[in-house]
Amino acid sequence: MTSLEQVRQLSTIDQIQVAGLIFGSQQRAKEVKQFLADCEKIPEVQTNADFYNWNRKKQFLSKDKQGFSFMKMINHQVDDMEQYTGPMIYSATTNHYGVYLAMVVPAVKILGTDAQINAWLDDLIHIRKAACYAQTELGHGSDIQSLQTTATYDKQTQEFVINTPTIQAAKFWPGDLGILANWALVFAQLVVDGTNYGVQSFMVQIRDEQTHKPLRGIEVGDIGPKMGYQVKDNGFLKFDNVRIPKFNMLAKYISISPQGKVVKEGDPKISYASMMMMRKLLNTVYPKAAAISLTIALRYSYTRQQFTNDKGVENSVIEYQTQQHKLLPLLANLFAVVLSGNVTSKFVDLNFAEVQKGNFSHMKRMSFITLWNQSQLHSFCSELC
Ligand SMILES: Cc1cc2nc3c(=O)[nH]c(=O)nc-3n(C[C@H](O)[C@H](O)[C@H](O)COP(=O)(O)OP(=O)(O)OC[C@H]3O[C@@H](n4cnc5c(N)ncnc54)[C@H](O)[C@@H]3O)c2cc1C
């Protein structure tokens, strides 16, 4: 019988240094390790051994508690996406509030004016307002410019009228929308005096903050369980000429006068800033979570022993070439994805630091690098499953 301890003793690799490389610094590696140790002491964040025997409602409620507890553990510090590493590694299934904190909060911070940030950010970070990211529609997902939801400016009342003109324009998929959210960051075509000014983002209240009932003109619900992702409340959402104040369009890079004069600033791609933040999350945090599967497979392969060799001793299954062929390229691939993810993460940070200073020149480059890296990650993950 080979124990893990025996296998580890064969290694000449300095684990602390490698951990520092993976997590960006030894300090960060220590923090993640500490986070995982702390999780062991908090029952709400642990996935119950009976989780998969429970019905969806019970699973959902336990994930909700877990999401809140994680937020408390990271002290609502959502500025740094790397903070999600611990929760992502620890939560074996879906993570409530993940999209919301990784996309809605950055969108408000990047695309909102100071007044909007003051009005919403604290409530969002502390989940007093739970907002989902409502971009994708039944008809269009990747092709964001062709979204059909409209936000028509009404000069008389200085409001936007949010409308779903066709069934294809219904929002479909947003995480946390089906059950949890009482607000939505809605992506819609801005129409002023019959002219279309492209897709902009709008903070729209969709459910009453006390009763949690849908507000007038809102049709909202859960799209139901999905294979392998059954707990998450991905939702659908339709608007029947819902009025929201002019203040609710995120307006750092676009302004509209009371009379309807529209002025845009910078690169219009900035509207998709939060998608870039999500890619950063996909590139930096998810590979580290995916590494758990590989770690389990490798540990198993070193300690699992089958078939005796010439000396009458059972081999560890990792000694068989076919097992090595399956696992070792994945290990190499994982290191490549993790290390390149750390680099692209720095590019994203640099890009947004420059955008804050009014320099939009990195935007095009960013989109290419992160998309490429994300596709590498996805193919890697699908091979693991
Ligand atoms: C679990 C889950 C959670 C989600 N959460 C959210 C959320 O919180 N908020 C939200 O707004 N949306 C969410 N979405 C929607 C998601 O963002 C979209 O599914 C995604 O943008 C892809 O859009 P689509 O489904 O229309 O795919 P399509 O655009 O129909 O793509 C289908 C296939 O065609 C390929 N393809 C499409 N266009 C091109 C092209 N030009 N060149 C090459 N290949 C192309 C795609 O890569 C894909 O393989 C979620 C989806 C899922 C599955």
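Quick caveat, the model's predicted, so the values are computed rather than measured.

**Some remarks on a nonpolar patch on the surface**
- The grouping of Leu21, Phe335 and Leu339 at the surface amounts to a nonpolar patch, some 240 Å² of accessible area in total.
- Tracing the backbone shows phenylalanine 335 in helix 10 (residues 321–356).

**Examining helix 2 (residues 15–23)**
- All of the buried residues along helix 2 are Gly20, Ile22 and Phe23. Buried residues in helix 2, looked at end-on, bunch into an arc of 165°, giving them a common side.
- Buried residues along helix 2 sit in contact with helix 3 (26–39), helix 5 (85–90), helix 9 (286–303) and helix 10.
- In this structure aspartate 14 caps helix 2, since a side-chain oxygen of it lies 3.1 Å from the backbone nitrogen of isoleucine 16.
- Just downstream of helix 2, glycine 24 is the residue with a positive phi angle, here 95°.

**Focus: the packing of helix 6 (residues 98–111) against helix 7 (residues 114–125)**
- The contact between helix 6 and helix 7 brings their axes to 9 Å, and the two run at 165°. When the axis of helix 6 is compared with that of helix 7, the two are roughly antiparallel. Note on packing geometry: the crossing formed by helix 6 with helix 7 is left-handed. On the side of helix 6, the interface is formed by Tyr100, Leu101, Val104, Val105, Val108, Lys109 and Leu111, while helix 7 contributes Gln116, Ile117, Trp120, Leu121, Asp123, Leu124 and Ile125.
- Looking at the contact of helix 6 with helix 7 residue by residue, the classes come out as eleven nonpolar, one polar and two charged.

**Brief notes about the UniProt feature "domain: Acyl-CoA oxidase/dehydrogenase middle" (unreviewed entry) in the protein chain**
- The positions that UniProt labels "domain: Acyl-CoA oxidase/dehydrogenase middle" (unreviewed entry) are, in the present scheme, residues 132–242.
- As annotated, residues 132–242 comprises 0% helix and 42% strand, and the C-alpha atoms at either end are separated by 17 Å.

**Some details on the packing of helix 2 against helix 3**
- Close contact between helix 2 and helix 3 brings their axes to 7 Å; oriented N to C, the two are set at 90°. With respect to each other, helix 2 and helix 3 are oriented roughly perpendicular. Taking contact as the criterion, the partners of Ile16, Gln17, Ala19, Gly20 and Phe23 in helix 2 are, on helix 3, Gln26, Arg28, Ala29 and Val32.
- Along the lines of polarity and charge, the residues of the contact of helix 2 with helix 3 split into five nonpolar, three polar and one charged.

**With respect to the domain arrangement of the protein chain**
- In terms of domains, the protein chain is made up of domain 1 (1–96), domain 2 (131–265) and domain 3 (267–385).
- Roughly 740 Å² is buried in total at the junction of domain 2 and domain 3, and carbon and sulfur atoms are behind 56% of that figure.
- Of all residues in domain 2, Tyr133, Ile144 and Tyr253 give up the largest surface area on contact with domain 3, accounting jointly for 51% of the area buried on that side.
- Counting across the domain 2 and domain 3 interface gives zero salt bridges.
- At the boundary of domain 2 with domain 3, the tally comes to zero residue pairs in polar contact (both at pLDDT 80 or more).

**Here's the deal with the site of the ligand**
- Taken together, Val99, Tyr133, Gln135, Thr136, Gly141, Ser142, Trp173, Pro174, Gly175, Tyr229 and Asn234 are the residues near the ligand.
- Contacts to the ligand include glutamine 135, whose backbone N or O atom sits 2.9 Å from an oxygen atom.
- Within the side chain of serine 142, one N or O atom sits 2.4 Å away from an oxygen atom of the ligand.
- Protein chains shield 39% of the accessible area of the ligand, which is 960 Å² for the free molecule.
- Taken together, the residues that form the shell around the ligand break down as five nonpolar, six polar and no charged.

**Some words on the packing of aromatic side chains**
- This structure, assessed with the given rule, holds nine aromatic pairs.
- Relative to phenylalanine 160, the ring of tyrosine 153 has its centre 5.5 Å away and its plane inclined at 55°; by these criteria the two rings are tilted. Phenylalanine 160 matches tyrosine 153 in its accessibility class, with the two residues each being buried.
- Their ring planes at 80° and their centres at 6.1 Å tell us that phenylalanine 172 and tryptophan 173 sit as a pair that is edge-to-face.
- Here tryptophan 173 falls in the partly exposed class, since its relative accessible area comes to 46%.
- An aromatic cluster of three or more residues is present, and its members are Phe51, Tyr52 and Trp54.
- Over the ring of phenylalanine 51 we find lysine 63, and its NZ or CZ is 5.6 Å from the ring centre.

Scoring rules and cut-offs
- Residues numbered from 1 in each chain as written.
- Predicted model: local features only at pLDDT ≥ 70, side-chain atom pairs only at ≥ 80, totals over all residues.
- Heavy atoms only, no water.
- Patch = residues over 30% accessible without salt bridge, like charges linked within 9 Å, V, L, I, M, F, W, Y side chains within 5 Å.
- Areas by Shrake-Rupley, 256 points an atom, 1.4 Å probe, with all protein chains shown as cover.
- Salt bridge = Lys/Arg side-chain N within 4 Å of Asp/Glu carboxyl O.
- Helix = DSSP H or I, 4+ residues; strand = E, 2+ residues; numbered from the N terminus.
- Buried < 20%, exposed > 50% of the residue type's maximum accessible area, 1.4 Å probe, protein only.
- Arc of directions from axis to C-beta.
- Contact = heavy atoms within 4.5 Å.
- Polar contact = N/O pair within 3.5 Å; in protein donor to acceptor, adjacent residues only side chain to side chain.
- Axes fitted to C-alpha atoms, helices over the stretch in contact; angles between N-to-C directions.
- Parallel < 35°, antiparallel > 145°, perpendicular 65-115°, else oblique.
- Left-handed = near helix turned anticlockwise from the far one by under 90°.
- Nonpolar A, V, L, I, M, F, W, Y, C, P; charged D, E, K, R; others polar.
- UniProt positions renumbered as here; feature names shortened; annotations may be inferred.
- Domains from an automatic or database assignment.
- Buried area = accessible area lost by both parts, 1.4 Å probe.
- Near = heavy atom within 4 Å.
- Phe/Tyr/Trp six-rings, centres within 6.5 Å; stacked < 30°, edge-to-face > 60°.
- Lys NZ or Arg CZ within 6 Å of the ring centre and 35° of its normal.

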